[in-house]
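Residue-level structure breakdown
Next come the chains, spelled out residue by residue.
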Amino acid sequence: MCCDLKRRFLLLYATQKGQAKAIAEEICQQAGAHGLEADMYCISEMDKYNLETEKDPVVIVISTTGTGDPPDTARKFVRKIQDKTLPPDHFAHLQYGLLGLGDSEYTFFCNGGKTVDRRLQELGAQHFYDTGLADDCVGLELVVDPWIDGLWLALKEVFLLQKEKEGMNSDAVSRSPSAALHVGHELNLSSEVQNLKLEDERVRSSDVLTQKPADIHHVASTRDTEPSLVHSVPPVSQSALNIPALPPEYIDVQFQDTHGENPHLSSLISEGKIFEVPVTKAVQLTRGDAIKTALLLELDTADTVFDYQPGDAFCVICPNNVSEVEELLQILGLSDKGECFVCVNVKQGTKKKG
């Protein structure tokens, strides 16, 4: 059978902070177990692949940055495919599947992936697998994991159809209608899973109307109006979400007793120095009703002397509400560890990427 041979597919990723690359590496790692082989490249490495002549299926993982822009690594690629002189059948030979990463609390959700997806379609490319849009607001894994699980069946179906067209496998041509129906049914199921979204607001409204008045009063009296570490608010609290299976442990957590001492902030930072600089501008990027607020901050570093390179990062330490922290510690059974510092490391030998 064709699935006994390793079949190649092109795997491209466009990342801003590394998340899309980590997911692409996970796909690449899993491919071998499914009898497939992935040629993985950053989408900016256009000298190493050529979509204009690509015959094998293409898988694209792309994130979104800023206010709905493709990642910096995808800008050159996007400019190239947005060339108005390209004919509408430029990518008619291309079969692809795309996974977009984003956050629905931003105005232009997954716009980086949507931009590439829309333009490839305009140039004649065809989906071999439905587009997945993962939402960091509720957890990327809710879409990413099912999307990857369904990808392997979709890829094998593509290779099977290629065999039929090439006439290299007469058994594939004569496979029974019931088998084809079974494969199609599984593909439909995987598509339904990977298109996981929050329930439609109108459906939720109709559900509320069918509740008893006493139930409605109970819900209204117990629901908090503000998001916190221990309570969810709509739309998350009203959504039917499928939680994926608990992954293997890959984090090592150690509690360190400070013996009543309060270490200086610099001792909590593994690398680099600490600087205090004024904030000169703050712009809210998320909607007014967003559960998580994202701000664009401008810092005045004119009077601060330090060296930095492109790609360097800095961290901001923010306080949490004391009562929320205490309640969360109680829920986790860690009330006696409240004064301990925590050392978190990735376990040696873990296969978890990113």
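Residues numbered from 1 in each chain as written. Predicted model: local features only at pLDDT ≥ 70, side-chain atom pairs only at ≥ 80, totals over all residues. Heavy atoms only, no water.

- The name an unreviewed UniProt entry gives the chain is MTRR reductase, with Nyctiprogne leucopyga as the organism.

**Let's talk about the overall build of the chain**
- Looking only at helices and strands, the chain features 9 helices and 10 strands.
- Split into buried and exposed, the 354 residues of the chain put 30% on the buried side.
- When the accessible surface of the chain is summed, it comes to about 22900 Å², and 52% of that surface belongs to carbon and sulfur atoms. (Helix = DSSP H or I, 4+ residues; strand = E, 2+ residues; numbered from the N terminus. Buried < 20%, exposed > 50% of the residue type's maximum accessible area, 1.4 Å probe, protein only. Areas by Shrake-Rupley, 256 points an atom, 1.4 Å probe, with all protein chains shown as cover.)

**Notes on the pattern of salt bridges**
- Per the stated rule, a full pass over the model turns up 6 salt bridges.
- Arg 8 serves as the salt-bridge partner of Glu 54, at 2.8 Å between the closest nitrogen and oxygen. In this pair, Glu 54 is assigned in the loop between strand 2 (36-42) and strand 3 (58-62) and Arg 8 in strand 1 (residues 7-14), connecting sequence segments 46 residues apart.
- Taking the relative accessible area as the measure of exposure, Glu 54 reaches 9% and is therefore buried.
- Lys 48 is the partner of Glu 45 in a salt bridge, and the nearest nitrogen-oxygen pair spans 3.0 Å. (Salt bridge = Lys/Arg side-chain N within 4 Å of Asp/Glu carboxyl O.)

**Brief notes about helix 4 (residues 141-166)**
- With 26 residues, helix 4 extends 37 Å between its outermost C-alpha atoms, agreeing within 8% with the 38 Å of an ideal straight helix rising 1.5 Å per residue.
- A bend of about 30 degrees at Leu 151 is the largest found in helix 4.
- Once helix 4 ends, the next one or two residues include Gly 167, with phi positive near 70 degrees. (Expected span 1.5 Å × (residues − 1). Bend = angle between axes of the 7 residues up to and from the residue.)

**Focus on the packing of aromatic side chains**
- Considering all chains together, one arrives at 3 aromatic pairs under this definition.
- The interplanar angle of 65 degrees and the centroid separation of 6.4 Å between the aromatic rings of Phe 9 and Trp 152 together place this pair among those described as edge-to-face. Of this pair, Phe 9 sits in strand 1 while Trp 152 sits in helix 4; the two residues are 143 residues apart in sequence, bridging distant segments of the chain.
- Under the relative-accessibility criterion, Phe 9 is labelled buried at 0%.
- With a centroid separation of 6.5 Å and 20 degrees between ring planes, the pair formed by Tyr 41 and Tyr 49 is classed as stacked.
- Look at Tyr 49 and you get buried, because its relative accessible area is 10%. (Phe/Tyr/Trp six-rings, centres within 6.5 Å; stacked < 30°, edge-to-face > 60°.)

**Quick look at the packing of helix 1 (residues 19-31) against helix 4**
- Between helix 1 and helix 4, the least distance of the axes is 11 Å, while the angle of their chain directions is 35 degrees. Crossing handedness for the pair helix 1 and helix 4: right-handed. For the pair helix 1 and helix 4, the contacting residues are Ile 23, Ile 27, Gln 30 and Ala 31 in the first and Val 144, Trp 147, Ile 148, Leu 151 and Trp 152 in the second. (Axes fitted to C-alpha atoms, helices over the stretch in contact; angles between N-to-C directions. Left-handed = near helix turned anticlockwise from the far one by under 90°. Contact = heavy atoms within 4.5 Å.)

**A few points about the nonpolar core**
- Of all hydrophobic cores here, the largest spans 29 residues; its most connected members are Phe 9, Ile 27, Leu 151, Trp 152 and Leu 155.
- If you list the elements that add at least two residues to this core, you get strand 1, helix 1, strand 2, strand 3, strand 4 (95-102) and helix 4.
- When residues in this core are grouped by element, the largest group, 10 residues, is from helix 4.
- With residues up to four places along the chain from it excluded, the contact list for Ile 27 reads Phe 9, Leu 11, Val 61, Trp 147, Ile 148, Leu 151 and Trp 152. (Core = buried A, V, L, I, M, F, W, Y, C linked by side-chain atoms within 4.5 Å.)

**Considerations on the confidence of the model for the chain**
- Chain-level pLDDT for the chain is 77 on average; 70% of the residues reach the 70-or-more range.
- For the chain, the element scoring lowest by mean pLDDT is helix 7 (residues 201-209), at 41; strand 3 scores highest, at 96. (pLDDT = per-residue confidence, 0-100.)

**A closer look at unusual backbone geometry**
- Non-glycine residue Cys 110 carries a positive phi angle of around 55 degrees.
- Positionally, Cys 110 belongs in the loop between strand 4 and helix 3 (111-122).

**Concerning a negative patch on the surface**
- The grouping of Asp 136, Glu 141, Asp 145 and Asp 149 at the surface amounts to a negative patch.
- The residue Asp 136 is located in the loop between strand 6 (132-135) and helix 4 in this model.
- Take Asp 136: its relative accessible area is 38%, and that puts it in the partly exposed class. (Patch = residues over 30% accessible without salt bridge, like charges linked within 9 Å, V, L, I, M, F, W, Y side chains within 5 Å. Lys, Arg positive; Asp, Glu negative; His and termini not counted. Charge placed at Lys NZ, Arg CZ, Asp CG, Glu CD.)

**As for a nonpolar patch on the surface**
- Together, Ile 251, Val 253, Phe 255, Val 342, Val 344 and Val 346 make up an exposed nonpolar region whose accessible area comes to about 490 Å².
- Secondary structure elements with two or more residues in the nonpolar patch: strand 7 (251-256) and strand 10 (341-346).
- Judged by its relative accessible area of 35%, Phe 255 is partly exposed.

**With respect to the side chain of Asp 135**
- Along the chain, Asp 135 falls in strand 6.
- At 2.9 Å, the side chain of Asp 135 and the backbone nitrogen of Cys 137 are in polar contact.
- Every residue in contact with Asp 135, bar those within four places of it in the chain, is listed here: Gly 102, Asp 103, Ser 104, Phe 109 and Leu 140. (Polar contact = N/O pair within 3.5 Å; in protein donor to acceptor, adjacent residues only side chain to side chain.)

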